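# Chain and residue survey
Here is how the chains run, residue by residue.
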Amino acid sequence: MPVLASDTRLSKVLEWMLAHLSESQSLDQLAQRALMSRRSFTRNFQKLTGSTVGDWLLHQRLNLAQRQLETSQHSIEQIAHDSGFASALVFRRHFAQQLQTSPSAYRREFQGAKFKRGSA
């Protein structure tokens with residue numbers, strides 16, 4: 001199957017989105033970055049990723065936050081900001097909805113396991 005120009009543009013936009021998770025990313029700006037109409041962008045994005053733009057961004061932001069919780073001592077507020085959430089409250093709500101635990105409990109579980117392994 002040939003690679004379409006829209007696939008290449010979307011791949012570049014996905015790379016940009018990942019590199020700028022902490023920034024606000026509006027659908028109109030992303031479509032413009034991909035040189036597509038909003039409707040074409042959302043349709044092609046869904047086809048390529050199997051997800052809506054909002055769901056994909058949320059998933060990527062939560063993945064980034066999980067990595068930071070596991071490997072850093074940054075505050076929950078700082079991690080929320082770095083991951084692109086509007087506030088720590090919004091971050092905590094999404095984190096709990098998706099992972100059925102709080103960011104603090106997640107950090108205790110995963111950093112605790114890492115430090116126990118390292119000291120054995």
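Here's a quick rundown of the structure.

About the cut-offs
Residues numbered from 1 in each chain as written. Predicted model: local features only at pLDDT ≥ 70, side-chain atom pairs only at ≥ 80, totals over all residues. Heavy atoms only, no water. Axes fitted to C-alpha atoms, helices over the stretch in contact; angles between N-to-C directions. Helix = DSSP H or I, 4+ residues; strand = E, 2+ residues; numbered from the N terminus. Parallel < 35°, antiparallel > 145°, perpendicular 65-115°, else oblique. Contact = heavy atoms within 4.5 Å. Phe/Tyr/Trp six-rings, centres within 6.5 Å; stacked < 30°, edge-to-face > 60°. Buried < 20%, exposed > 50% of the residue type's maximum accessible area, 1.4 Å probe, protein only. Lys NZ or Arg CZ within 6 Å of the ring centre and 35° of its normal. Salt bridge = Lys/Arg side-chain N within 4 Å of Asp/Glu carboxyl O. Core = buried A, V, L, I, M, F, W, Y, C linked by side-chain atoms within 4.5 Å. Expected span 1.5 Å × (residues − 1). Lys, Arg positive; Asp, Glu negative; His and termini not counted. Polar contact = N/O pair within 3.5 Å; in protein donor to acceptor, adjacent residues only side chain to side chain.

## Description of the packing of helix α4 (residues 53-71) against helix α6 (residues 88-99)
Running from N to C, α4 and α6 point in directions that differ by 95°, and their axes come no closer than 11 Å. Between α4 and α6, the angle falls in the class roughly perpendicular. Of the residues in α6, those touching α4 at Leu58, Leu62, Ala65, Gln66 and Leu69 are Phe91, His94, Phe95, Gln98 and Leu99.

## Let's talk about the packing of aromatic side chains
Tallying each qualifying case throughout the model produces six aromatic pairs. Aromatic side chains Phe95 and Tyr106 sit 5.5 Å apart centroid to centroid with 80° between the ring planes, which places their arrangement in the edge-to-face category. Within this pair, whereas Phe95 is found in helix α6, its partner Tyr106 is found in helix α7 (residues 103-119), the two being separated by 11 residues in sequence. Residue Tyr106 is classed as buried on the basis of its relative accessible area of 7%. These aromatic residues form a ring-pair network of at least three members: Phe85, Phe91, Phe95, Tyr106 and Phe110. In this arrangement the basic side chain of Arg33 is found over the ring face of Trp16, its NZ or CZ atom lying 3.8 Å from the centre.

## Things to note about the pattern of salt bridges
Two side chains with opposite charge may pair up if their charged atoms get near one another. Under the criterion given, the structure shown has two salt bridges. One salt bridge in this structure joins Glu77 and Arg92, with 3.5 Å as the shortest N-O distance. Within this pair, whereas Glu77 is found in helix α5 (residues 76-82), its partner Arg92 is found in helix α6, the two being separated by 15 residues in sequence.

## Focus: the nonpolar core
It is characteristic of soluble globular proteins that their nonpolar side chains tend to be buried jointly. Within the largest apolar cluster, 15 residues are counted, with the highest numbers of intra-cluster contacts made by Met17, Phe41, Phe45 and Val53. Listing elements by their share of this core, those giving two or more residues are α1 (5-19), α2 (27-33), α3 (38-49) and α4. In this structure Val53 touches Met17, Leu27, Leu30, Phe41 and Phe45, once residues within four positions along its chain are discounted. Residues Leu58, Ala65, Phe85 and Ala88 belong to the second largest nonpolar core, which totals 12 residues.

## Section: α4
Over its 19 residues, α4 runs 27 Å from end to end, which matches the ideal 27 Å to within 8%, given 1.5 Å per residue. Among the residues making up α4, those that are buried are Val53, Trp56, Leu57, Leu58, Gln60, Arg61, Leu62, Leu64, Ala65, Gln66, Gln68 and Leu69.

## Details of the side chain of Arg107
Its place among the elements puts Arg107 in helix α7. For Arg107, which is buried and forms no salt bridge, the nearest opposite charge comes from Glu77, at a distance of 8.1 Å. In this structure the side chain of Arg107 is engaged in a polar contact, spanning 3.1 Å, whose partner is the backbone oxygen of Ser72.

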